[in-house]
Amino acid sequence: MAVLVDTSVWIDYFRTGNQSAELDDLIDKNIIVTNDLILAELIPFLKLKRQAKVVKLLSEIDRLPLQIDWDDIMDTQLKCLKSGSNGIGIPDLIIAQNAKEHHCTIFSLDKHFQMLGQVIKVKLYTEQKNNNV
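To start, this report covers the structure provided alongside it.

Basis of the calculations
Residues numbered from 1 in each chain as written. Predicted model: local features only at pLDDT ≥ 70, side-chain atom pairs only at ≥ 80, totals over all residues. Heavy atoms only, no water. Helix = DSSP H or I, 4+ residues; strand = E, 2+ residues; numbered from the N terminus. Expected span 1.5 Å × (residues − 1). Buried < 20%, exposed > 50% of the residue type's maximum accessible area, 1.4 Å probe, protein only. Arc of directions from axis to C-beta. Contact = heavy atoms within 4.5 Å. Polar contact = N/O pair within 3.5 Å; in protein donor to acceptor, adjacent residues only side chain to side chain. Axes fitted to C-alpha atoms, helices over the stretch in contact; angles between N-to-C directions. Parallel < 35°, antiparallel > 145°, perpendicular 65-115°, else oblique. Left-handed = near helix turned anticlockwise from the far one by under 90°. Nonpolar A, V, L, I, M, F, W, Y, C, P; charged D, E, K, R; others polar.

Let us now look at helix α5 (residues 70-82). Given a rise of 1.5 Å per residue, 13 residues ought to cover 18 Å, and the 18 Å separating the end C-alpha atoms of α5 matches this to within 8%. For α5, the set of buried residues is Ile73, Thr76, Gln77 and Cys80. End-on, the buried residues of α5 take up no more than an arc of 100°, which puts them together on one face. Opposite the buried face of α5, by more than 90 degrees, sit the exposed residues Asp71, Met74 and Lys82. Buried-residue contacts for α5 involve α6 (90-101) and α7 (111-120). Its side-chain oxygen 3.2 Å from the backbone nitrogen of Asp71, Asp69 forms the N-cap of α5.

Turning next to the packing of α6 against α7. Think of two packed helices as two axes; the pair is described by the angle between the axes and how far apart they sit. Relative orientation of the contacting elements α6 and α7 amounts to 55°, with a least axis distance of 11 Å. When the axes of α6 and α7 are compared, the pair comes out oblique. Of the two possible hands of crossing, α6 and α7 adopt the one that is right-handed. In this structure, α6 contributes Asp92, Leu93, Ile95, Ala96 and Lys100 to the contact, and α7 contributes His112, Phe113, Leu116 and Ile120. Partitioning the contact of α6 with α7 into residue classes produces six nonpolar, one polar and two charged.

Here you go:
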């Protein structure tokens, strides 16, 4: 199963490398994917820091097409609000929707995805790891 690597994991990878072994393993298995939203969050800063090689490598990762279903986003946001998860931003909702649409697991360090996992049953990489899947 493909793993959609969230911006939070990439930022950690570039800054501290705390999750580098896990991400390196996924890269080696050639199962990571991205989308234009995640790239839009990463690439401007990398260009500012003159990280052209990193930008090129990120651009070579398989991209999931983004087809945003705004009615679904609003419905998911309502479910989140009703469940008490009211700090989840639209970008995270779009990433979750994109992963569900393409049957991907999300690898994120962002707690919002754990809340989303409870509300809309999005698959998280940490859940799979803990279940030895």
